[in-house]
Amino acid sequence: MTTVGSPVLELAPDPESVRAARRYVTDRLTCWGLEPLVDTAALLVSEVVTNAVLHARSAVRLAVTRSRDDAVTIAVSDLSRRLPRQRRYAEDASTGRGMRLLNQLAEDWQVTVTSTGKTVSFTVMAAAAAG
């Protein structure tokens, strides 16, 4: 299958951008008929964009690519070269779950350092999203 891409969504370094990112991902996946992926993809993009907004404090770029009939890759770029890392927090903490969720729910994920910062990308597949 040919890779089908989408335009890049530019987001401000603002907490409201998390909602915009979730809506964008939901709309793209729904348009492609990939509703079974929506919940997992929306959760993971929320976590990764939240990390970018909180830690990079820079503009964020979001791209969603349909790489197979049953899979999408989501890339979130920011202007910080500081790599994400999993931290330990109390069980009831309201932060600290993003990296753990990526490890548990994404088919795979990676961080790429770029000339202007970094990109965190992850893939969600129908089989992984189902369970």
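One structure accompanies this document, and this report is about it. (Residues numbered from 1 in each chain as written. Predicted model: local features only at pLDDT ≥ 70, side-chain atom pairs only at ≥ 80, totals over all residues. Heavy atoms only, no water.)

1. Digging into the packing of helix H1 (residues 16-31) against helix H2 (residues 38-56)
Thought 1: Direction vectors running N to C along H1 and H2 enclose 150°, while the axes themselves pass 9 Å from each other. One finds that H1 runs roughly antiparallel with respect to H2. The interaxial crossing formed by H1 with H2 has right-handed handedness. Facing H1, whose interface residues are Ser17, Val18, Ala21, Arg22, Val25, Thr26, Leu29 and Thr30, H2 presents Val38, Ala41, Ala42, Val45, Ser46, Val49 and Thr50. (Axes fitted to C-alpha atoms, helices over the stretch in contact; angles between N-to-C directions. Helix = DSSP H or I, 4+ residues; strand = E, 2+ residues; numbered from the N terminus. Parallel < 35°, antiparallel > 145°, perpendicular 65-115°, else oblique. Left-handed = near helix turned anticlockwise from the far one by under 90°. Contact = heavy atoms within 4.5 Å.)

2. Re the side chain of Ser46
Thought 1: Counting through the fold element by element, Ser46 comes out in helix H2.
Thought 2: You can call Ser46 buried: its relative accessible area is 10%.
Thought 3: In contact with Ser46, not counting residues within four places along its chain, are Val18 and Arg22. (Buried < 20%, exposed > 50% of the residue type's maximum accessible area, 1.4 Å probe, protein only.)

3. Comments concerning the packing of H2 against helix H3 (residues 98-105)
Thought 1: Where H2 contacts H3, the axes come no closer than 9 Å and their chain directions differ by 150°. Classified by chirality, the crossing of H3 by H2 is left-handed. Touching Thr40, Leu43, Leu44, Glu47, Val48 and Asn51 of H2 are Gly98, Met99, Leu101, Leu102 and Leu105, all from H3.
Thought 2: In terms of residue class, the contact of H2 with H3 is built from seven nonpolar, three polar and one charged. (Nonpolar A, V, L, I, M, F, W, Y, C, P; charged D, E, K, R; others polar.)

4. Some words on the pairing of strand S5 (residues 118-125)
Thought 1: Of all eight residues making up S5, eight are buried, and the element is well covered by its neighbours.
Thought 2: Across the two faces of S5 the burial is the same, with Lys118, Val120, Phe122 and Val124 and Thr119, Ser121, Thr123 and Met125 all buried.
Thought 3: Note that strand S3 (residues 71-78) and S5 share eight bridges and pair antiparallel. Bridge pairing in S5 links Asp78 to Lys118.
Thought 4: Strand direction decides the pairing type here: strand S4 (residues 108-113) and S5, joined by six bridges, are antiparallel. Counted as the bridge partner of Asp108 is Thr123 from S5. (Pairing = 2+ DSSP bridges.)

5. Let's talk about the side chain of Lys118
Thought 1: Locating Lys118 in the fold gives a position in strand S5.
Thought 2: Owing to a relative accessible area of 7%, Lys118 belongs among the buried residues under this scheme.
Thought 3: A polar atom in the side chain of Lys118 sits 3.0 Å from the side chain of Asp78.
Thought 4: Among the polar contacts made by the side chain of Lys118, one reaches the main-chain carbonyl oxygen of Ser80 at a distance of 3.2 Å.
Thought 5: The residues contacting Lys118, other than those within four sequence positions of it, are Val76, Ser77, Asp78, Ser80, Arg82, Leu83, Pro84, Val111, Thr112 and Val113. (Polar contact = N/O pair within 3.5 Å; in protein donor to acceptor, adjacent residues only side chain to side chain.)

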